[in-house]
Amino acid sequence: ELVVAEWDPAQLARLLRTVRDPGSPLVTLGARATLGRGRGEATPGPGAPATLGRGVGRGRAILAVRATADDSARVLLDRVHRSIALLPGAPIDIAGVTWEQEAGLAGSRTIDVVETAAGEARIELTRPADIAGAVSPRELVISDGRDGAHVDANGRTARLSRDQLEEQLDLYSPYRLLLDPIGLGEPALHFRVKESAPGDTPDPAETVLTFRHIDGYEGEVTLRSDAARRIVPIRITTRAVVAAGPAGPGLPPHVSAERTISLDDYRPAGGLLLPHRLSFRDGLNAFTQTVTEVRFNPAVPEGSFRIPADRQSAPAPSPRERSPGAPR
């Protein structure tokens with residue numbers, strides 16, 4: 001017996017495949033928004049969010065590891081938790097981050113993000129002005145915790161689908177990218193230590209965990225230990241099917257790619273050990289985001305998460321439908 005609310009076809013197809021698997025227990029999915037949603041993919045199949053967790057919610061840091069794991073992986077996840085949560089502190093109800101993004105030929109831009117634990121978000125994307133002294137073009141992505149909208153540089157507003165909003169949050173959210181990138185607080189994730197293949201000579205400082213979500217999303221997380229015996233995630237790798245836009249004659253409409261996010265330059269910030277440089281590669285695009293500022297519980301002007309009235313009826317294009325030089 002299946003009851004579905006606020007569903008999308010890709011999520012429903014994955015749920016049915018999971019339930020149909022004789023080895024799978026009966027599952028109930030709640031209001032989980034990120035994992036397996038497909039980040040706007042056009043066909044059903046395992047999605048590929050940039051990171052594995054929705055963040056730490058209303059916690060100052062993850063109070064306990066809720067992801068499941070075999071015994072060896074559990075020990076490692078507990079060490080990751082202790083390495084990241086340096087000091088206890090007050091709850092993080094609002095998190096802010098400023099990114100500097102470098103995307104090769106697509107150029108650079110500054111992204112300023114404010115996000116609440118309740119799911120509200122405001123993402124400001126600013127590009128350098130083409131002419132000295134001119135106003136820098138700025139776009140907005142706004143979410144009131146339920147609905148989302150995109151405001152272009154000319155002030156035109158278009159509603160975002162849930163998948164389009166999730167794709168933006170997967171790329172810029174401080175909760176998802178900084179506070180819990182590998183989903184320690186996600187109980188629907190299961191981790192196992194990956195065994196080395198015969199003939200491999202693995203780096204002794206690195207350990208690879210495989211993960212699988214209850215909806216079928218899977219991949220690998222690489223952990224690295226340092227001289228201080230801290231152990232942190234440095235790489236998340238998945239296989240993904242991503243929309244590649246209109247294809248030429250004889251070309252498939254989709255591209256199979258390995259998607260990787262690398263996390264490095266770990267530094268303390270507000271009692272947490274956070275990555276300050278993230279590199280994204282998915283076979284189609286490659287870009288890097290560097291943290292220039294992290295803010296916990298900052299003051300936010302009233303109305304920051306209010307969605308403006310629509311000034312155009314057409315929905316905003318999916319970031320994967322835009323040209324490479326356009327904002328993702």
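Structural data are supplied above this passage.
The paragraphs below set out a description of the structure included in this document. Since this is a predicted model, take the numbers as computed values, not measurements. (Residues numbered from 1 in each chain as written. Predicted model: local features only at pLDDT ≥ 70, side-chain atom pairs only at ≥ 80, totals over all residues. Heavy atoms only, no water.)

## A look at the overall build of the chain
Here is step 1: Secondary structure summary: the chain contains four helices and 14 strands in total.
Here is step 2: A burial count over the chain gives 47% of its 328 residues as buried.
Here is step 3: Taking as baseline every contact in the chain between residues at least 6 positions apart, the subset at least 24 positions apart corresponds to 57%.
Here is step 4: Surface accessibility of the chain: about 16,200 Å² in total, with carbon and sulfur atoms responsible for 53%. (Helix = DSSP H or I, 4+ residues; strand = E, 2+ residues; numbered from the N terminus. Buried < 20%, exposed > 50% of the residue type's maximum accessible area, 1.4 Å probe, protein only. Contact = heavy atoms within 4.5 Å. Areas by Shrake-Rupley, 256 points an atom, 1.4 Å probe, with all protein chains shown as cover.)

## Quick notes on the nonpolar core
Here is step 1: Core analysis: the largest hydrophobic core is formed by 52 residues, its most contacted members being Trp-99, Ile-123, Tyr-172, Phe-191 and Leu-278.
Here is step 2: Residues within four places of Trp-99 in sequence aside, it is in contact with Arg-109, Thr-110, Ile-111, Val-113, Tyr-172, Leu-177, Leu-178, Leu-278, Gln-289, Thr-290 and Val-291.
Here is step 3: With five residues, the next largest nonpolar core counts Leu-140, Ile-142, Ala-149 and Ile-307 among its residues. (Core = buried A, V, L, I, M, F, W, Y, C linked by side-chain atoms within 4.5 Å.)

## Some words on helix α3 (residues 162–172)
Here is step 1: By the criterion of burial, α3 is predominantly enclosed, with 10 of the 11 residues buried.
Here is step 2: Buried residues of α3: Asp-163, Gln-164, Leu-165, Glu-166, Glu-167, Gln-168, Leu-169, Asp-170, Leu-171 and Tyr-172, and no others.

## Some thoughts on the packing of aromatic side chains
Here is step 1: Scanning all chains against the criterion turns up three aromatic pairs.
Here is step 2: A ring pair is formed by Phe-191 and Phe-211, whose centres lie 6.2 Å apart and whose planes are at 50 degrees; its orientation type is tilted. Within this pair, whereas Phe-191 is found in strand β8 (residues 189–193), its partner Phe-211 is found in strand β9 (residues 206–213), the two being separated by 20 residues in sequence. Like Phe-191, the residue Phe-211 is buried in the burial classification.
Here is step 3: On the basis of an interplanar angle of 55 degrees and a centroid distance of 5.5 Å, the ring pair of Phe-211 and Tyr-217 is categorised as tilted. (Phe/Tyr/Trp six-rings, centres within 6.5 Å; stacked < 30°, edge-to-face > 60°.)

## Some details on helix α2 (residues 71–84)
Here is step 1: With 14 residues, α2 extends 20 Å between its outermost C-alpha atoms, agreeing within 8% with the 20 Å of an ideal straight helix rising 1.5 Å per residue.
Here is step 2: Restricting attention to buried positions, one finds in α2 the residues Ala-73, Leu-76, Leu-77, Val-80, His-81, Ser-83 and Ile-84. Down the axis of α2, the buried set is contained in an arc of 165 degrees. They therefore lie on one face. Turned more than 90 degrees off the buried face of α2, the exposed positions are Asp-71 and Arg-82. (Expected span 1.5 Å × (residues − 1). Arc of directions from axis to C-beta.)

## Comments concerning unusual backbone geometry
Here is step 1: Of note in this structure, Arg-229 is not a glycine but carries a positive phi near 65 degrees.
Here is step 2: The residue Arg-229 is located in the loop between β10 (218–225) and β11 (231–243) in this model.
Here is step 3: Using a relative accessible area of 64% as the deciding quantity, one classes Arg-229 as exposed.
Here is step 4: The backbone phi angle of Asp-265 is positive, close to 55 degrees, even though this residue is not glycine.

## Points about the pairing of strand β7 (residues 157–160)
Here is step 1: Looking at chain direction, strand β6 (residues 148–151) and β7 are connected through four bridges and run antiparallel. Pairing of Gly-148 across the sheet is with Leu-160, part of β7.
Here is step 2: Linking β6 back to β7 in an antiparallel pair, the connection comprises five residues, with Gly-155 at a positive phi of about 85 degrees. (Pairing = 2+ DSSP bridges.)

## Re the pattern of salt bridges
Here is step 1: Taken as a whole and judged by the stated rule, the model has 16 salt bridges.
Here is step 2: Note that Glu-166 is salt-bridged to Arg-176, the shortest N-O span being 2.9 Å. Linking Glu-166 in helix α3 with Arg-176 in helix α4 (residues 174–179), this pair joins segments that are 10 residues apart in sequence.
Here is step 3: When the shortest N-O distance is used, the salt bridge between Arg-212 and Glu-218 registers 3.0 Å.
Here is step 4: The partly exposed category is assigned to Arg-212, whose relative accessible area is 42%.
Here is step 5: Judged by its relative accessible area of 42%, Glu-218 is partly exposed.
Here is step 6: Sharing partners across several salt bridges, the network here consists of Arg-162, Glu-166, Asp-170 and Arg-176. (Salt bridge = Lys/Arg side-chain N within 4 Å of Asp/Glu carboxyl O.)

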